[in-house]
Amino acid sequence: MARSERRGRALRGALLVLAAFAASFARAEPPPARVVSMNLCTDQLALLLADPGQIVSLSHFASDPQMSVLAAQAAAYPANHGRAEEIAVLRPDLVLADIWSAPGTISMLRRLGIRVEQLPPGTSLPEIRARITAMGALLGQEARAEAMLARFDADLAAIMRPAPGLRGAVYGIGGYGYGPNTLEGQILALAGFENVVGGPGQDWGGPLPLERLVMAAPDLVVSGGDSYGHGPSRAGEILRHPALAALPRARNLRDARWSCGQPAMLGAVADLAAIGRELEKEKASQ
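Here the structure is a predicted model, which is why all the values come from computation and not from measurement.

Q: Tell me what's going on with the overall build of the protein chain, and back it up with residues and numbers.
A: Scanning the protein chain for helices and strands turns up eleven helices and eleven strands. By the burial criterion, 48% of the 286 residues in the protein chain qualify as buried. Long-range pairs, those at least 24 residues apart, make up 67% of the contacts in the protein chain between residues at least 6 apart in sequence.

Q: Got a sec to walk through the pairing of strand 10 (residues 220-223)? Specific residues and values, please.
A: Of the two faces of strand 10, the one carrying Leu220 and Val222 and the one carrying Val221 and Ser223 are both buried. Bridge count between strand 6 (residues 167-172) and strand 10: four bridges; the pairing is parallel. Note that in strand 10 the partner of Tyr171 across the bridge is Ser223.

Q: How would you summarise the environment of Val269 if you had to cite specific residues and measurements?
A: Within the secondary structure layout, Val269 lies in helix 11 (residues 265-285). Take Val269: its relative accessible area is 0%, and that puts it in the buried class. Separated by 82 residues in sequence, Val269 and Ile187 place their C-alpha atoms 5.5 Å apart. Apart from the residues within four sequence positions on either side, Val269 is in contact with Ile159, Ile187, Leu190 and Ala191.

Q: So, the side chain of Thr182: which residues are in play, and what are the values?
A: Tracing the backbone through its elements, the reader meets Thr182 in the loop between strand 7 (176-177) and helix 8 (183-190). The class of Thr182 is buried, set by a relative accessible area of 9%. Side-chain polar atoms of Thr182 contact the backbone oxygen of Gly179, separated by 2.7 Å. Apart from residues no more than four positions distant in its own chain, Thr182 is found in contact with Thr123, Asp203, Trp204 and Gly205.

Q: Any chance you could break down the pattern of salt bridges for me, citing the residues and the numbers?
A: Overall, the coordinates contain eight salt bridges when judged by the stated rule. A salt bridge links Asp51 to Arg144, with the nearest nitrogen and oxygen atoms 2.7 Å apart. One end of the pair, Asp51, is in the loop between helix 2 (40-49) and strand 2 (55-59); the other, Arg144, is in helix 7 (residues 142-158), with 93 residues separating them in the sequence. You can call Asp51 partly exposed: its relative accessible area is 31%. Looking at Arg144, the relative accessible area reads 36%, which means it is partly exposed. Between Arg83 and Glu86 there is a salt bridge, with its nearest N and O atoms 4.0 Å apart.

Analysis parameters
- Residues numbered from 1 in each chain as written.
- Predicted model: local features only at pLDDT ≥ 70, side-chain atom pairs only at ≥ 80, totals over all residues.
- Heavy atoms only, no water.
- Helix = DSSP H or I, 4+ residues; strand = E, 2+ residues; numbered from the N terminus.
- Buried < 20%, exposed > 50% of the residue type's maximum accessible area, 1.4 Å probe, protein only.
- Contact = heavy atoms within 4.5 Å.
- Pairing = 2+ DSSP bridges.
- Polar contact = N/O pair within 3.5 Å; in protein donor to acceptor, adjacent residues only side chain to side chain.
- Salt bridge = Lys/Arg side-chain N within 4 Å of Asp/Glu carboxyl O.

And the structure:
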């Protein structure tokens, strides 16, 4: 079984578990009073939904403006590096993690009797919605989660997209192409672009030779964002290749809004849709 297929099955299974949890959760005790998040995406949802006093620590990524849209807000909270020792001494009654979080840390915390909830990363709209609902239930903030979903739906519906026909790609360091099942691919699709990355072995992304990208002749290439400003690398050199620079509308648009499936991603969708409308006008005038 291909790695991308195994990843897809794992995420679909996690989504089913998350949806069942969100649908059946009935709080029999007070909301958690000492919440620790050890994942960037759970950090940001917790900041949006929790009472300020509920959170005792966030991951160290939460205060990095290259990765977190809520970096300034997160800076007010103690940071953790996802290690069991530093989390346990905080005496949390709930630890929020991702399904890909360090299994050793998760296992140790649970052996210590600490409740850990692992949420799958949201990529598709159903996954993102289920994740918001589940986070609201975990924190005892169901009403806030419902209001967030209503705003999310209204903001998504308000985005003006170009007419179908434009083709795009999201291209990262090391020549990585983001397929339609990734969050990057979802943002591209929601903005009204057909993804040139896809097909067998590519739906979840994978290496995409620059030659294939050039031959696909996309109307828009979104590149950059993978190194998060932590210095140059040889893997990043491909993003400065003249062939990529010569592609139409090759732009470095990726920022912290692309990090997680949450309301802030709609700003990235709106920006791409606006570029799509510009491209549409240019094509019409040619």
